[in-house]
Amino acid sequence: MKVITCKDYETMSQKAADDVAQDLREKPGLVLGLATGSSPLGIYRCLADLVRQESISCSRATGFQLDEYCGLTPDHPQSFHHYLKEHLLNVTDFREEHLHGLNGTATDWKSACISYEEQISAAGGIDLLILGLGQTGHIGFNEPDNVFPVHTHRVKLEKETIRSNARFFDSPEQVPRAALTMGIGTIMGARKIILLVNGRGKAGILKDVLTGSVKPQIPASILRFHQNVTVYADEEAMSAVTEEK
Ligand code: GLP
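Source: prediction; values computed, not measured.

A.B. asks: Is there a simple way to explain the site of the ligand in this structure?
C.D. replies: The immediate surroundings of the ligand are formed by 14 residues, with Ser38, Ser39, Asp67, Asn165 and Lys202 found nearest. The separation between an oxygen atom of the ligand and a polar main-chain atom of Ser38 is 2.8 Å. One nitrogen or oxygen atom from the main chain of Gly140 is found 3.2 Å from a nitrogen atom belonging to the ligand. For the ligand, whose unbound accessible area comes to 400 Å², protein coverage reaches 97%. Split into classes, the residues belonging to the shell around the ligand amount to three nonpolar, eight polar and three charged.

Shown next as structure tokens:
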């Protein structure tokens, strides 16, 4: 696992975006896995700048959403599909028909999850997966558990996750209680992973992820077993690791 400590959020976003941009130049038809939330906002902003400067193009890239809330339609302002539309599709040349989303309103969610895995396989697998880190140590919505869930599946969200994500909604009651997410196996199947972590609030959990035991109670710790992970973290997020040294 490569850890790159950056001065601040902007530097972290720029460095990570340069990494993605390099891969896009080498393989214009790159298959991306796409996280949402506050961590990757900067990377999407930087990618949009690079597209505007004609330094890269996303027109041939394919994207797979990392996760989606259950019960929200794609046009709901807090759905992850809507987020990607706003922060990626509307500001770059990424084509809407190339973005695969998880159907959070599917009643037959089991079939939706199976179909999602098939879509990822049919695309040749994920080349580059962009991840954020949840306060609970989750990646996607894989919450702490006694096992690592393998495939795309439905999860009940932890109270802490609901509380943390309430900042995007008018009230905590509006935060969906369940979500669909790529499984840990789906995530580990990506050929390359970028994990973005910023802010002092993530310092404790990042330290656990980087230096604690690899266990399903800290889902992101499994990334230490992946061959090609780069963690881009700002100094605040790294503070618990660096202060100990
Ligand atoms: C959310 C999402 C994840 C995201 C993580 C961190 O709940 N399910 O995909 O990466 O939690 O969110 P943030 O970047 O807003 O801290």
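A.B. asks: Looking at this model, I keep getting lost on the pairing of strand S7 (residues 153-156). Mind explaining?
C.D. replies: Along a regular strand, successive side chains alternate from one face of the sheet to the other. Side-chain alternation along S7 places His153 and Val155 on a buried face and Arg154 and Lys156 on a face that remains uncovered. Alignment of S7 against strand S8 (residues 178-181), held across four bridges, turns out to be antiparallel. When the sheet's bridge partners are listed, Val155 is paired in S8 with Ala179.

A.B. asks: Help me out: how do you make sense of the sheet that holds strand S6 (residues 128-132) in this one?
C.D. replies: Working definition: the strands of a sheet are paired by backbone hydrogen bonds and lie parallel or antiparallel to each other. In spatial order, the strands read S1-S10-S9-S6-S2-S3-S5; together these seven strands make up an open sheet with parallel pairing. Each end of this open sheet is capped by a strand with a single partner; those strands are strand S1 (2-6) and strand S5 (99-100). Looking at chain direction, strand S2 (residues 31-34) and strand S3 (residues 62-65) are connected through four bridges and run parallel. Looking across to S3, one finds that Leu34 is bridged to Gln65. Taken strand by strand, helix H4 (residues 109-122) contacts S3 and S5, and its axis lies near 155° from that of S3.

A.B. asks: Would you mind going over the pattern of salt bridges with me for this structure?
C.D. replies: Pairing between side chains of opposite charge can happen when the charged atoms of each approach one another. Counted by the stated rule, this structure contains 10 salt bridges. The residue Asp19 makes a salt bridge to Lys192 at a minimum N-O spacing of 2.6 Å. Of this pair, Asp19 sits in helix H1 (residues 9-26) while Lys192 sits in strand S9 (residues 192-197), placing them 173 residues apart in sequence. The residues Asp19 and Lys192 share a single accessibility class, namely buried. For Arg200, the salt bridge goes to Glu243, with nearest N and O atoms at 3.9 Å. Here Arg200, found in the loop between S9 and helix H7 (203-211), pairs with Glu243, found in helix H8 (residues 239-244); they are 43 residues apart in sequence, far enough to count as distant. With respect to class, Arg200 is no different from Glu243; both count as exposed. Within the structure, one salt-bridge network assembled from shared partners comprises Asp19, Asp23 and Lys192.

A.B. asks: When you look at the pairing of strand S10 (residues 229-234) in this model, what are you seeing that I'm missing?
C.D. replies: Burial runs high along S10: six of the six residues are buried. Side chains of S10 alternate between two faces, with Val229, Val231 and Ala233 and Thr230, Tyr232 and Asp234 buried alike. Pairing of S1 with S10 involves five bridges; the strand directions are parallel. From the neighbouring strand, Lys2 faces S10, where its bridge partner is Thr230. Here S9 pairs with S10 via five bridges, running parallel. Bridge pairing in S10 links Ile193 to Val229.

A.B. asks: How should I be thinking about the sheet that holds strand S4 (residues 67-69) in this particular structure?
C.D. replies: Overall, antiparallel pairing links the three strands, which are arranged S4-S8-S7 in an open sheet. Unpaired on one side and paired on the other, S4 and S7 mark the two borders of the sheet. Across the sheet, the axes of successive neighbouring strands diverge by a mean angle of 25°, strand direction being ignored.

A.B. asks: Help me understand the state of the cysteines in this model?
C.D. replies: One covalent bond between the sulfur atoms of two cysteine residues makes up a disulfide. Taken as a whole, this structure holds zero disulfides when the rule is applied. Cysteine Cys6 remains unbridged, with the sulfur of Cys46 as its closest cysteine sulfur at 11 Å. The class of Cys6 is buried, set by a relative accessible area of 1%. When its relative accessible area of 5% is taken as the criterion, Cys46 is described as buried.

A.B. asks: Could you clarify how one ought to interpret the packing of aromatic side chains in this entry?
C.D. replies: Each pair of aromatic rings is reported with the distance of its centres and the angle of its planes. Following the criterion strictly, the structure yields six aromatic pairs and no others. When the ring of Tyr44 is compared with that of Tyr83, the centres are 6.2 Å apart and the planes differ by 75°; the resulting orientation is edge-to-face. You can see Tyr44 sitting in helix H2 (residues 41-52) and its partner Tyr83 sitting in helix H3 (residues 80-89), a full 39 residues away along the chain. Each member of the pair Tyr44 and Tyr83 is classed as buried.

So, how was this worked out
Residues numbered from 1 in each chain as written. Predicted model: local features only at pLDDT ≥ 70, side-chain atom pairs only at ≥ 80, totals over all residues. Heavy atoms only, no water. Near = heavy atom within 4 Å. Polar contact = N/O pair within 3.5 Å; in protein donor to acceptor, adjacent residues only side chain to side chain. Areas by Shrake-Rupley, 256 points an atom, 1.4 Å probe, with all protein chains shown as cover. Nonpolar A, V, L, I, M, F, W, Y, C, P; charged D, E, K, R; others polar. Buried < 20%, exposed > 50% of the residue type's maximum accessible area, 1.4 Å probe, protein only. Helix = DSSP H or I, 4+ residues; strand = E, 2+ residues; numbered from the N terminus. Pairing = 2+ DSSP bridges. Contact = heavy atoms within 4.5 Å. Axes fitted to C-alpha atoms, helices over the stretch in contact; angles between N-to-C directions. Salt bridge = Lys/Arg side-chain N within 4 Å of Asp/Glu carboxyl O. Disulfide = S-S within 2.5 Å. Phe/Tyr/Trp six-rings, centres within 6.5 Å; stacked < 30°, edge-to-face > 60°.

Note that every value here comes from positions in space, so none of it alone points to a role or purpose.
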